[in-house]
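Here is what each chain is made of, one letter per residue.
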Amino acid sequence: MSSFNDIFETYNWDDTKASIYAKTSADVERALAADKRTLEDFKALVSPAAAPYLEQMAQISQRLTLKRFGKVLQMYVPLYLSNECSNICTYCGFSYDNKVKRKTLSPMEIMQEVAVIKEMGYEHVLLVTGEDNVNVHVDYFKKVLELIRPHFAHISMEVQPMDLEDYQQLTPYGLNTVLVYQETYHKEDYKKHHPKGKKSNFKYRVETPDRLGQAGIHKMGLGVLIGLEDWRTDCFFTAMHLNYLEKKYWQTKYSLSFPRLRPFSGGLEPKVEMNDRELVQLICAYRLFNEEVELSISTRESANFRNNIIKLGITSISAGSKTNPGGYAVEPESLEQFEISDERSPAEIAKIIAQQGYEAVWKDWDSCLT
Ligand code: SF4
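Numbers given for residues are sequential positions, taken from 1 along each chain in its written order. Reporting in this predicted model follows two pLDDT cut-offs: at least 70 for local features of residues, and 80 or more for side-chain atom pairs to be given and counted; totals over whole chains, interfaces and linings ignore these cut-offs and use all residues. To obtain the side-chain values, all non-hydrogen atoms of the structure were used and water was disregarded.

Draft legend 1. Spotlight on the packing of aromatic side chains. Only Phe, Tyr and Trp rings take part, Trp by its six-membered ring, and two of them pair if their centres are within 6.5 Å. Stacked means planes under 30 degrees apart, edge-to-face means over 60, and tilted covers everything else. For the structure on display, the rule yields 18 aromatic pairs. For the ring pair Tyr185 and Phe237, a centre distance of 6.0 Å and an interplane angle of 35° mean the geometry is tilted. Highlighted residues: Tyr185 in the loop between β4 (177-179) and α9 (187-193) and Phe237 in helix α12 (residues 231-248), separated in sequence by 52 residues. Summarising the burial analysis for this pair, Tyr185 and Phe237 share the class buried. Secondary structure is summarised from DSSP: a helix means a run of H or I of at least four residues, a strand means a run of E of at least two, and numbering begins at the N terminus for each. Summary of the burial criterion: residues with accessible area below 20% of their type's maximum are buried, those above 50% are exposed, and those between are partly exposed, where the area comes from a 1.4 Å probe applied to protein chains only.

What follows is the structure, encoded as structure tokens:
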């Protein structure tokens, strides 16, 4: 069966990058004036030439987001189940070569964490693990889903990419959403940052969203880790990937994230810096390119940045997050994946959302309605 990789293979990174950097203010103005924007328009909107048009982009982004989503922000929180990982990734605290104590939550420990998360008001949880097929495999996920399904309206997962059959097995257990970030579409750099483990297989990872689409998943999330490579080019390929998936798997919903590299135990410095203005430019560019896609911001970003981005295109936000297994109740000192930046509580974030005339939504749907 054909996959996104067949299309991706026809592109050259350097040529694509050059075409983005060659965009002019005339290209940007054409993109701003368009009713329906193309991938070429997206290139113009993320190009350096679009920087002086940020205010205009923000206004359009706000208008489109209000029209499609209203004045609401979906609240979600990660629940880290395990920091075991058999991959080496140069940018992650869970990397196999980081010789620290590992932990996988037992059913009882999971329920202790769930109790704290529910106490915070959450109905949408994102399950996160390292990529380790020995301790955290499809049977473990089935047990976890069975255990927590009665307690949440929406369950997302960010774990290792799996085979089609695995996804087909997990969806009846109540799995709603899968996030799978490509990290970078730069193949050589991908290899450099993922030297060992199953994740070093670029093709298997880039084809994961195809398998999710074939499995009929309700929603999938895409993105790259900003800081590994030229963000404009990486995000162009993300937009292209999204475009391809939406046409092929039109019954699935989509979300995008734009995590910037954060400090962690044994940390990697970003190769490419992205400043706050550029992140706003990217968020607006995604919205102008796609009115339907959900845009998500995590606690990686600072309190000040998150306060100011609420009205500009974001549709979901996390708060009170812990990035270590047991972080809420069981073992607060266990190894975290990365340091969070915004440490405010969910209640504080909900208050700030309300102060801006928006509503924090804890439960956007109920599985009994599907
Ligand atoms: S990014 Fe994922 S796969 Fe890589 S080391 Fe971290 S947890 Fe493991």
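That covers the picture; the talk isn't over yet.
Draft legend 2. Molecular detail of the site of the ligand. What makes a residue near a molecule or strand is one non-hydrogen atom of that residue sitting within 4 Å of it. Every residue close to the ligand is listed here: Cys85, Asn87, Cys89, Tyr91, Cys92, Phe94, Ser95, Gly130, Glu131, Lys199 and Gln337. Amino acids outside the nonpolar list (Ala, Val, Leu, Ile, Met, Phe, Trp, Tyr, Cys, Pro) and the charged list (Asp, Glu, Lys, Arg) are all regarded as polar, and Gly is one of them. In terms of residue class, the shell around the ligand is made up of 5 nonpolar, 4 polar and 2 charged.

Draft legend 3. Quick look at the pairing of strand β1 (residues 72-82). Among the 11 residues of β1, 10 are classified as buried, and the element is accordingly described as predominantly covered. Both β1 and strand β9 (residues 359-361) contribute to a ladder of 3 bridges, which runs parallel. Residue Gln74 lies in a different strand from β9, and its bridge partner there is Val361. Following DSSP output, two strands are said to pair if at least two bridges run between them. Looking at chain direction, β1 and strand β8 (residues 316-318) are connected through 3 bridges and run parallel.

Draft legend 4. Examining helix α3 (residues 25-33) more closely. Those residues of α3 lying buried are Asp27, Val28, Ala31 and Leu32. Taken down its axis, α3 places every buried residue within 135° of arc, on the same side. Set apart from the buried face of α3 by more than 90 degrees, the exposed residues are Arg30 and Ala33. Whether two residues are in contact is decided by their heavy atoms: any pair within 4.5 Å suffices. Contact partners of the buried residues in α3: α4 (39-46), α5 (54-69) and α13 (276-289). Summarising the geometry, the arc corresponds to the directions from the helix axis toward the C-beta atoms.

Draft legend 5. Representation of the pattern of salt bridges within the structure. Basic side-chain nitrogens of Lys or Arg form a salt bridge, by our definition, when they fall within 4 Å of a carboxyl oxygen of Asp or Glu. One pass over the full model with this rule turns up 25 salt bridges. For the salt bridge of Glu40 with Lys23, the shortest nitrogen-to-oxygen distance reads 2.7 Å. Here Lys23 lies in the loop between α2 (13-21) and α3 and Glu40 lies in helix α4, a separation of 17 residues in the sequence. By relative accessible area, which is 39% here, Glu40 ends up partly exposed.

Draft legend 6. How the structure looks around the state of the cysteines. Cysteine sulfurs are considered disulfide-paired once they come within 2.5 Å of each other. Enumeration over the complete set of coordinates arrives at 0 disulfides. In this structure Cys235 is not part of a disulfide, and its nearest cysteine sulfur, from Cys284, lies 13 Å away.

Draft legend 7. Looking closely at the packing of α12 against α13. Running from N to C, α12 and α13 cross one another at 20°; their axes reach a closest spacing of 12 Å. By the angle between their directions, the pair α12 and α13 is classed as roughly parallel. With respect to the hand of their crossing, α12 and α13 are arranged in right-handed fashion. Between α12 and α13, the residues in contact are Trp231, Arg232, Cys235, Thr238, Ala239 and Asn243 and Glu278, Gln281, Leu282, Tyr286 and Phe289, respectively. Here the contact of α12 with α13 is built from residues that sort into 6 nonpolar, 3 polar and 2 charged. Interaxial angles span 0 to 180 degrees and are taken between N-to-C directions of axes, which are lines fitted to C-alpha atoms, for helices over the stretch in contact. To sort the angles, those under 35 degrees are grouped as roughly parallel, those over 145 as roughly antiparallel, those from 65 to 115 as roughly perpendicular, and the leftovers as oblique. By convention the crossing between two helices is left-handed if the near helix lies anticlockwise of the far one by an angle smaller than a right angle, and right-handed if it lies clockwise.

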